[in-house]
Amino acid sequence: MHARFSAAFSGLPATLQNALKPLLDAPDFYGVLRPEQLTQLQQATGLEEDALALALLPLAASCAVATLSRFNVGAIARGVSGHWYFGANMEFRATTMQQTIHAEQSAITHAWLRGEKALDTITVNYTPCGHCRQFMNELNSAASVRISLPERAVRTLAHYLPDAFGPADLNISERLMTPVHHGFMLKGSTLEQAAIEAASQSHAPYSASYSGVALMSCSGAIYSGRYAENAAFNPSLPPLQAALILMNMHHEPLENIQRAVLAESAEGMLSQAAATRATLNALGCNDLLITLVSKTSVQ
């Protein structure tokens, strides 16, 4: 079991501990629970799905990187596929507050990067802030997604965000988590290709500023992330943050980044370059390659 889970694990009910231990002890547990594993946990504990997700929140919160607030928030995105994905807030010293990641953003993006097509429920240990409610309103399941909180009735997002402003108000039909591929041609190194592929799958229907980031850690592992744009603009999640979410869920210290590539459309109306470089520098990485993908290279 990774050390980050130890304290939270010790506070769980004994029946849940016994059922969870083999899963957490697996070397490839990276914050994802498969349907068959969840069935085993329910059978062992007698907990229905909502109660089980709430009981697991302390483990998700253990993944927080709360260097500024010291306030750990955990979330679990429950996919329509039956898979559950951990998420937690992430903060970075020597960067602006705008670079932080909220727990709900983390869990949703984690699910998206793992290939989940839509979400059924988001379980979180604190009431979602307005920023996160707006981020969730970009989802392809926004009209039906449920929000589950401790000691509260399960409600839909519409309860927490009435009369919402969203993609339809801007005549945008694309929604976050609906698979897209913009077809940018791969080129360069393996790391550069990973960034370009991430850009091809990014969600940027408002600016068409498609972008992706790929990180290589000192272990040689590659983590890629995609830009997730939002109808309200400010809750948009940069591609670097998406890659950092995946890296964190793989228990890799963020200071282990050795090299990074940012791929973005040359025709886009905005650039992620300055913010990406600043955050990477704060994490100790000064090796950033920026590669532009032109519409002329779309297949």
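Overview of the structure. Here, residues in each chain are numbered from 1, in the same order as that chain's written sequence. With the structure being a predicted model, the display of local features is reserved for residues of pLDDT at least 70 and the display and counting of side-chain atom pairs for 80 or more, all residues being used for whole-chain, interface and lining totals. Computation of side-chain values covers all heavy atoms of the structure but excludes hydrogens and water.

### Let's talk about the overall build of the protein chain
Part 1 of the argument: Runs of E in the DSSP output that reach at least two residues are strands. Runs of H or I that reach at least four are helices, and both are numbered from the N terminus. Secondary structure summary: the protein chain contains 10 helices and 10 strands in total.
Part 2 of the argument: Here the radius of gyration uses the C-alpha set of atoms, whereas the globule reference equals 2.2 Å times the residue count to the power 0.38. For 299 residues, the compact-globule formula gives about 19 Å, and the C-alpha radius of gyration of the protein chain, at 19 Å, lands near that figure.
Part 3 of the argument: Its C-alpha atoms give the protein chain principal-axis dimensions of about 55 × 45 × 35 Å.
Part 4 of the argument: In the protein chain, buried positions account for 54% of the 299 residues.
Part 5 of the argument: Two residues form a contact once any of their heavy atoms are found within 4.5 Å. In the protein chain, 66% of the contacts between residues at least 6 apart in sequence involve partners at least 24 apart.
Part 6 of the argument: Only carbon and sulfur atoms are counted for the fraction: they give 53% of the accessible area of the protein chain, which is about 12,300 Å².
Part 7 of the argument: Charged residues are defined narrowly, with Lys and Arg counted positive, Asp and Glu counted negative, and His plus the chain ends left uncounted. Lys charges are placed at NZ, Arg charges at CZ, Asp charges at CG and Glu charges at CD. Each charge sign in the protein chain was given a centre, from 18 positive and 23 negative side chains, and these centres are 3 Å apart. Burial status follows relative accessibility: with a 1.4 Å probe on protein chains alone, a residue under 20% of its type maximum counts as buried, one over 50% as exposed, and anything between as partly exposed. Residue exposure ignores everything except the shown protein chains as possible cover, and the areas themselves are Shrake-Rupley values with a 1.4 Å probe.

### Quick word on the sheet that holds strand S1 (residues 32–33)
Part 1 of the argument: Pairing between two strands is assigned when DSSP locates at least 2 bridges connecting them. Taken together, the six strands give an open sheet; going across it, the order is S1-S3-S2-S4-S5-S6, and neighbouring strands pair in mixed fashion. Of all strands in the sheet, those with a lone pairing partner are S1 and strand S6 (155–156), marking the two edges.
Part 2 of the argument: Both S1 and strand S3 (residues 84–88) contribute to a ladder of two bridges, which runs antiparallel. The residue of S3 that forms the bridge with Leu33 is Trp84.
Part 3 of the argument: Think of each axis as a best-fit line through the C-alpha atoms, taken over the contacting stretch in the case of a helix, with angles from 0 to 180 degrees between the N-to-C directions. Helix H5 (residues 103–113) contacts S1, strand S2 (74–79), S3 and strand S4 (119–124) of the sheet and is inclined by roughly 140 degrees relative to S3.

### Quick word on a nonpolar patch on the surface
Part 1 of the argument: Residues Phe165, Leu170 and Phe233 make up a contiguous nonpolar surface patch of about 290 Å² in total accessible area.
Part 2 of the argument: Structurally, Leu170 can be placed in the loop between helix H7 (157–160) and helix H8 (190–200).
Part 3 of the argument: Assessed through its relative accessible area of 36%, Leu170 is described here as partly exposed. Residues forming no salt bridge and having over 30% relative accessible area are the ones grouped into patches, like charges within 9 Å of each other and nonpolar side chains (Val, Leu, Ile, Met, Phe, Trp, Tyr) within 5 Å. One speaks of a salt bridge when a side-chain nitrogen belonging to Lys or Arg is within 4 Å of a carboxyl oxygen belonging to Asp or Glu.

### Notes on H8
Part 1 of the argument: Of all 11 residues in H8, eight are buried; the element is thus mostly enclosed.
Part 2 of the argument: Listed in full, the buried residues belonging to H8 are Leu191, Glu192, Ala194, Ala195, Ile196, Ala198, Ala199 and Ser200.
Part 3 of the argument: Here the buried face of H8 lies against strand S7 (211–217), strand S8 (222–226), strand S9 (257–265) and strand S10 (288–293).

### A look at the packing of aromatic side chains
Part 1 of the argument: Note on aromatic contacts: the rings of Phe and Tyr and the six-membered ring of Trp form a pair at centre separations within 6.5 Å, being stacked when their planes are under 30 degrees apart, edge-to-face when over 60 apart, and tilted otherwise. What the rule picks out here adds up to five aromatic pairs.
Part 2 of the argument: Their ring planes at 65 degrees and their centres at 5.9 Å tell us that Phe5 and Phe29 sit as a pair that is edge-to-face. One end of the pair, Phe5, is in the segment before helix H1 (6–10); the other, Phe29, is in the loop between helix H2 (14–25) and S1, and 24 residues separate them in sequence. Just as Phe5 is buried, Phe29 falls in that class too.
Part 3 of the argument: Ring geometry for Phe29 against Phe86: centres 5.9 Å apart, planes inclined by 80 degrees, an arrangement best described as edge-to-face.

### A few points about unusual backbone geometry
Part 1 of the argument: Within the chain, Ala94 stands out as a residue other than glycine whose phi angle is a positive 65 degrees.
Part 2 of the argument: Note on placement: Ala94 falls in the loop between S3 and H5.
Part 3 of the argument: Given the relative accessible area of 77%, Ala94 is considered exposed.
Part 4 of the argument: Here the phi dihedral of His251 falls at roughly 65 degrees; this positive angle occurs in a residue that is not glycine.
Part 5 of the argument: Within the fold, His251 resides in the loop between helix H9 (239–249) and S9.

### Considerations on the sheet that holds S7
Part 1 of the argument: Pairing within the open sheet is mixed, and its four strands lie in the order S8-S7-S9-S10. One side of each edge strand has no neighbouring strand; the edge strands of this open sheet are S8 and S10. For this sheet, the mean inter-axis angle between neighbouring strands, taken without regard to orientation, is 15 degrees.
Part 2 of the argument: The pairing of S7 with S9 spans seven bridges and is classified as antiparallel. From the neighbouring strand, Gly212 faces S9, where its bridge partner is Ala263.
Part 3 of the argument: Its contacts with the sheet place helix H10 (residues 273–282) against S7, S9 and S10, and it is angled at close to 160 degrees to S10.

### Here's the deal with the packing of H5 against H9
Part 1 of the argument: In contact at an axis separation of 9 Å, H5 and H9 are set at 85 degrees when each is read in the N-to-C sense. When the interaxial angle is binned, H5 and H9 end up roughly perpendicular. The segment H5 lies against H9, with Gln105, Ser106, Thr109, His110 and Leu113 engaging Ala242, Ile245, Leu246 and Met249.
Part 2 of the argument: Of the residues in the contact of H5 with H9, the class split is five nonpolar, four polar and no charged. Between 65 and 115 degrees an angle is taken as roughly perpendicular, under 35 as roughly parallel, over 145 as roughly antiparallel, and anywhere else as oblique. Note that Gly is not counted as nonpolar here; it falls among the polar residues with everything else outside the nonpolar set of Ala, Val, Leu, Ile, Met, Phe, Trp, Tyr, Cys and Pro and the charged set of Asp, Glu, Lys and Arg.

### Observations concerning the pairing of S3
Part 1 of the argument: Within S3, five of the five residues are buried, which leaves it mostly tucked inside the rest of the structure.
Part 2 of the argument: Here S3 shows no split at all, with Trp84, Phe86 and Ala88 on one side and Tyr85 and Gly87 on the other all buried.
Part 3 of the argument: Alignment of S2 against S3, held across five bridges, turns out to be antiparallel. Each residue of the ladder has a partner; that of Gly74, found in S3, is Ala88.
Part 4 of the argument: Connecting S2 to the next strand, S3, in antiparallel fashion are four residues, including Gly82 with a positive phi near 100 degrees.

All we've got here are geometric facts, nothing functional implied.
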